[in-house]
Amino acid sequence: MKAIDKKHNMCYYLNISYERTIIEMKIYSVLDKEFAPYGKVLQGYDTAGLMKALDEKTPLPEGVEYVMSDTALETVAIFGELQNNAYGGMPIQLGWCNGHNTTLNCLEYHRDSEINIGVNDFILLLGKESQIEDDGMFDTKNIVAFRVPTGVLVEVYATTLHYAPCSASRGEGFKVLVVLPKGTNTEKPEFTPANHEDTLLTARNKWLLAHPESSEAKNGAVIGLKGVNTDIADSI
């Protein structure tokens, strides 16, 4: 997955290619009660302009591409509401994660909630930070899949492990808004790690657990996932 900061002309790469273990798994909806420990649906926002900008002004690549901050989205009227209402006045950035994907590959978390919405259905593969074991490993048997219906605005809690969205239908892509506190996913601060969690920090406000089969692990990311590298291709 290629990640780009349009404002700062920065680019880094994630998810290039993977070996895949395809399994069938139950896919819940974010409208189901099972989603409550991981996040919630946000009500009361007029997202029409945001959906239009996301659909018309962002690409649909064959792989997965992430842009952390895009002025085409940040100039839409809802920006102020998301910043002041959803994030309580904290500075935010609006970007996107678009493309085609069915594989887990990694999990990440932030110190803050993330907000998503898609121009079509997409699937999130989620875990809980509390499920990271004492040895720093997360077992992928704990992954739960959730479908996010078109136009549904969701908050993914800070304690929820997540990564790139997945396609909801075979061969279909996704265009997903990513709202995070401003500066998230920019350059990693320089510091001396004081504990194991510190070694997971791969960018600002981004702690990453990589699967051994992922390109992130091959490029030096800390391996924090054990079990199969979940692929939902046969479940959609």
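Treat the numbers as computed from the prediction; the structure is a model and nothing was measured.

A.B. asks: Which residues make up helix α3 (residues 78–86), and what are the values?
C.D. replies: Restricting attention to buried positions, one finds in α3 the residues I78, F79, L82 and Q83. Seen from one end, α3 has its buried residues packed into an arc of 140 degrees, which puts them on one side. Residues of α3 that are buried in the fold lie against α1 (48–57), α2 (71–74), β7 (92–99) and β16 (174–181). Downstream of α3 by one or two residues, G88 has phi in the positive range, about 65 degrees.

A.B. asks: How would you summarise the sheet that holds strand β8 (residues 106–109) if you had to cite specific residues and measurements?
C.D. replies: Spatially, the three strands line up as an open sheet ordered β8-β18-β17, and their pairing is antiparallel. The sheet is open, and its two borders are formed by β8 and β17 (201–203), each paired with just one other strand. Each strand of the sheet is rotated relative to its neighbour by a mean of 45 degrees, with strand direction disregarded. Where β17 lies against strand β18 (residues 206–210), two bridges are found, and the strand directions are antiparallel. Looking at β18, one finds that L201 is bridged to W207.

A.B. asks: Quick one: what's the story with the confidence of the model for the protein, residue by residue and with numbers?
C.D. replies: Confidence in the prediction for the protein averages 92 pLDDT; 90% of positions are at 70 or higher. Overall, residues 6–18 carries pLDDT values under 50, and its contacts beyond four positions in sequence, including any with other chains, amount to 45 contacts.

A.B. asks: Summarise the packing of aromatic side chains; cite the residues concerned and give the values.
C.D. replies: Each aromatic ring pair is specified by the distance between its two centres and by the angle formed by the two planes. According to the stated counting rule, one finds four aromatic pairs in the structure shown. When the centroid spacing of 5.8 Å and the interplanar angle of 35 degrees are considered together, the rings of Y28 and F146 count as tilted. Here F146 lies in strand β12 (residues 144–148) and Y28 lies in strand β4 (residues 27–29), a separation of 118 residues in the sequence. When its relative accessible area of 24% is taken as the criterion, Y28 is described as partly exposed. We classify F146 as buried; its relative accessible area is 0%.

What counts and how
- Residues numbered from 1 in each chain as written.
- Predicted model: local features only at pLDDT ≥ 70, side-chain atom pairs only at ≥ 80, totals over all residues.
- Heavy atoms only, no water.
- Buried < 20%, exposed > 50% of the residue type's maximum accessible area, 1.4 Å probe, protein only.
- Helix = DSSP H or I, 4+ residues; strand = E, 2+ residues; numbered from the N terminus.
- Arc of directions from axis to C-beta.
- Contact = heavy atoms within 4.5 Å.
- Pairing = 2+ DSSP bridges.
- Axes fitted to C-alpha atoms, helices over the stretch in contact; angles between N-to-C directions.
- pLDDT = per-residue confidence, 0-100.
- Phe/Tyr/Trp six-rings, centres within 6.5 Å; stacked < 30°, edge-to-face > 60°.

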